[in-house]
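What the coordinates show
Chain residues, written in single-letter form:
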Amino acid sequence: LAKLPSPLASLLPEVGREAACPEGSGVSPSSRHASSAPSLRSNRSSARAHQSASPSGRRVRSASPRSGGRRRAQSQDSRAEVVASRASSSRRNSASGAATSTPVAAQRAGAVTSSSQRAKHGAASRVCYVVQFGNNSNLLRQMLRARACWLPGPGDPGNSAGKTSIEEKTVNLSAANDAQEIQFLWTMYPQKTFISAMASEQQGLRVVLNDEKRLQMKPAQNPCSQPVSMRAHNHFSGGSVITSKAGLVKTIVDFYLRHGRDPFGAVPLTFVVTEGSSDPQFAEWRRAYDLIEQSTNQSMWLVKPGDLSNRGNGIRIYDSSEGVAERVDSKSRAWVLQKYMEAPLLVHKRKFDIRAYCLVTQEPNGGGIHAFFYREAYLRTTSVEYSIKSKDLLVHLNNDAVQKTGDDYGKFESANKLSLADFQRYLDEHLPKKRYSVQEALIPQMKSLVADTIRAAGAKLNPKEVNNCFEVFGFDFMVDASFRVWLIEVNSNPCLELCNSYLSYLIPKMLDEALQVTLDRVFPPQGTGSATKDRTVSGAARTDISSAVSGTGWEPVFCSSGPSADTVSCAWVPELLVQDDGSSPDLASLGRDLLMPVAPSGSTGGGAKTRRSSTSKKAASEKKDRS
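The structure presented is a predicted model; accordingly, all values stated were derived computationally and were not measured.

Conventions used here
Residues numbered from 1 in each chain as written. Predicted model: local features only at pLDDT ≥ 70, side-chain atom pairs only at ≥ 80, totals over all residues. Heavy atoms only, no water. Helix = DSSP H or I, 4+ residues; strand = E, 2+ residues; numbered from the N terminus. Polar contact = N/O pair within 3.5 Å; in protein donor to acceptor, adjacent residues only side chain to side chain. Contact = heavy atoms within 4.5 Å. Pairing = 2+ DSSP bridges. Axes fitted to C-alpha atoms, helices over the stretch in contact; angles between N-to-C directions. Parallel < 35°, antiparallel > 145°, perpendicular 65-115°, else oblique. Left-handed = near helix turned anticlockwise from the far one by under 90°. Phe/Tyr/Trp six-rings, centres within 6.5 Å; stacked < 30°, edge-to-face > 60°. Buried < 20%, exposed > 50% of the residue type's maximum accessible area, 1.4 Å probe, protein only. Lys NZ or Arg CZ within 6 Å of the ring centre and 35° of its normal.

**So, the side chain of S383**
For S383, the position within the fold is in strand β15 (residues 378–385). Polar contacts involving the side chain of S383 include one to the main-chain carbonyl oxygen of D408, which spans 3.3 Å. When residues no more than four places from it in sequence are discounted, the contact partners of S383 are R350, L394, Q403, D408, Y409, F412 and N416.

**Some points on the sheet that holds strand β5 (residues 182–186)**
The strand order across the open sheet formed by 4 strands is β2-β1-β5-β8, and the pairing between neighbours is parallel. The outermost strands of the open sheet, each flanked by one partner alone, are β2 (150–152) and β8 (232–233). With 2 bridges joining them, β5 and β8 adopt parallel strand pairing. Paired with L185 across the strands is H233, a residue of β8.

**Some points on the packing of helix α8 (residues 137–145) against helix α18 (residues 501–517)**
Where α8 contacts α18, the axes come no closer than 11 Å and their chain directions differ by 50 degrees. The orientation of α8 relative to α18 falls into the category oblique. Pair α8 / α18 crosses with right-handed handedness. Contacts between α8 and α18 involve L139, L140 and M143 from the first element and I507, P508, L511, D512 and L515 from the second.

**Considerations on the packing of aromatic side chains**
In the structure shown here, the tally under the stated rule is 14 aromatic pairs. Taken together, a centroid distance of 6.5 Å and an interplanar angle of 65 degrees make the contact between F184 and W186 edge-to-face. For the pair F184 and W186, a shared accessibility class is recorded, and that class is buried. Judged by centre distance (5.6 Å) and plane angle (80 degrees), the ring pair of W285 and W301 falls under edge-to-face. Residue W285 is found in helix α12 (residues 280–296), and its partner W301 is found in strand β10 (residues 301–305); the two are separated by 16 residues along the sequence. Residue classification places W285 among the buried positions, given a relative accessible area of 0%. Among the aromatic residues, those joined into a cluster by ring pairs are Y129, W150, F184, W186, F470 and F523. Directly above the aromatic system of F133 lies the positively charged group of R141, at a separation of 5.1 Å from the ring centroid.

Note that every value here comes from positions in space, so none of it alone points to a role or purpose.
Here it is, written out as C-alpha cells:
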C-alpha cells in the first residue's frame with residue numbers, strides 16, 4: 001500500500017471489491033485442462049508484444065485462476081491503473097513537444113496528481129464527474145482521476161457525500177442545495193433526465209441513487225450553484241435506433257432500400273413481430289421460412305427479444321415453424337426472427353464472433369456526426385464444437401454470459417478470447433492456401449458496415465442536438481464460410497471487463513483514447529474558467545477532431561458533413577431489381593447470400609481465391625427465379 005500513489009490508495013477499498021469481473025476473473029478453473037486440448041494460447045505472446053512496445057516496457061499479467069478473490073481483484077485493478085497510465089503516456093509521446101513539456105503532461109505520464117497539487121487548482125478549476133457502478137466502472141474512475149481537472153462529484157463512490165456501500169455497490173444521498181454540479185456523467189445506458197438538463201442548461205440536478213441497475217437524478221429545491229453551460233454524457237438519447245435489435249433492423253432496412261440495395265446482404269434476413277403469430281409480419285416470416293426450407297433445406301432461426309436486451313438474454317434457436325410460433329406467443333413484446341447462419345467460418349471447429357468498437361461524436365450546435373472504428377478488435381469463441389444438430393446455446397451463442405456457464409470456458413483460449421493477430425496466425429497455419437489477410441480483407445468489411453450503420457442512423461442518434469454527447473458502441477460481427485462479414489447487433493454498453501491479458505491491454509487503451517477524442521476536447525486537463533457551447537472549459541477553441549484522433553487507434557469511417565455522407569460503403573450488398581409497377585420489393589425473397597455464401601467483391605485480400613458476390617441485377621434476377 002505504501003508503494004501506491006496517494007489517490008489510488010484512497011480508492012483501494014472500492015478497488016478491491018468492484019474491479020473484479022462480476023462473474024469471476026474471466027478465467028475458468030477448467031483452464032487447468034488446457035494442456036490436454038488443442039488451443040490457441042498466443043493471447044499472452046500477443047499482449048507481451050504490445051507491452052514491449054509501450055513506453056514503460058512493463059508487463060501486465062492477467063489474474064491467475066488459482067489466486068484468491070482479493071488477490072485477483074487487486075491484481076486486476078493494479079493492471080488497469082498501469083495500462084491506463086501507459087495509454088496516456090503513449091498518447092503524449094505522439095503529441096507535440098510543447099504539449100509534452102507541460103506540468104500536466106508530466107502528471108499524466110505516470111503519477112496521479114497528489115492532494116497538494118490538486119489543492120493548488122482551487123475549487124473553481126475543478127469539474128465533477130459521476131460514474132455509475134457496474135461494467136468495470138472503476139477503470140473509468142481511474143482514468144478521470146488521472147486527469148488533473150476532474151473530481152468525483154456527489155453520487156460517485158469517490159465522493160464523501162451520502163451513504164456509500166462499496167460491498168453492495170450503491171450510493172444513496174439527498175438532492176442537496178449546496179452540492180457541486182455534475183459536469184460529466186458516465187452510465188451504462190442513456191440517462192434521460194441528465195440529457196434533458198444538458199439541453200436546457202438546468203442547474204441543481206443531483207444524483208440521489210447510484211447502483212448497478214440504475215442511476216437516478218432529481219433537482220434540488222433551491223440550488224446554490226450557477227447555471228451550467230457545459231456538460232458531457234457518454235450516450236446519445238436516440239441510440240436505440242441501432243442498439244435495440246428491432247431498431248437496428250428498421251434502420252438498416254430503410255437505409256438500404258432507399259439506396260436500392262438488399263438490406264439482408266448486410267444483416268441476416270430478419271422480421272420484427274409485435275403481435276405474436278397473428279402479426280402480418282409473422283405471416284411474411286412464415287412465407288420466407290417455407291421458401292428457404294424448400295430451396296435449401298435450411299430451417300434454423302433465431303428468436304430474440306426486440307428491445308434493449310443483451311448478454312444473450314431471451315435468445316432461442318428453433319428449426320420448426322411451430323416452435324417459433326409458440327415462442328412469439330409466449331409474451332406480448334417485440335420479437336426479432338432472424339435467419340441463423342448455418343455455414344459460419346470456424347476456429348478449431350468452434351463458432352466465433354468479432355467484437356469491434358465504434359466511437360461516435362458530434363460537433364457542437366448540430367454539427368457533423370463523426371464515426372470512428374478502433375483498429376484493434378477481438379474474437380469471442382465458444383467452448384463446444386459447432387453442429388446444427390444441437391440446439392445447445394453453448395454451441396451457438398458467443399456471449400460471455402452464456403459461455404461462462406459451460407464447464408470448458410477458458411479451456412481452449414484464455415477467457416474464450418482471441419486477438420486479431422491470433423486469428424491471423426490460425427488462418428496462416430490451418431488455411432494457408434487461402435492466403436487470407438485479416439487486415440486487408442476482413443477489417444475493411446467491418447469498417448464499411450460500421451460506416452453504413454451510423455450513416456443510416458444519422459441525426460436520429462441525437463434528435464435534440466444536445467452538445468457534448470458521445471458514445472462507444474460495441475459492434476458484433478460474424479464471418480461466414482466464404483469470409484464474408486455480417487453485422488449481427490450493436491451494443492450500447494459493451495463489456496469493459498479485463499478478463500485476460502489481451503483485453504487488459506486493449507480496453508484501457510481504447511477507452512483512454514476515446515476520452516482523448518471526446519472529453520479532453522471539451523475539458524482539457526489544464527483547463528480553468530468558464531465554458532461555452534463551442535469553446536472548451538478553458539475558453540479556448542476546441543481542438544480540431546482530426547488532431548485529437550491523431551496518434552490514437554481510432555480511424556475515421558464516416559462524417560455526416562463529408563462528401564460521401566449519403567453513399568453506400570458496403571458496395572458488395574446486392575442491388576435490387578426495379579419493380580415494373582413501382583411496388584416495394586418482396587422482403588421474404590431477399591437475403592439469399594447468407595444461404596449460399598459468396599465472398600464480397602473486392603474484399604478477398606492477400607490473393608485469397610474465393611467466389612465473387614452476385615451483385616449484378618442479372619445475377620439477382622437469376623437467383624430470384626431459382627427461389
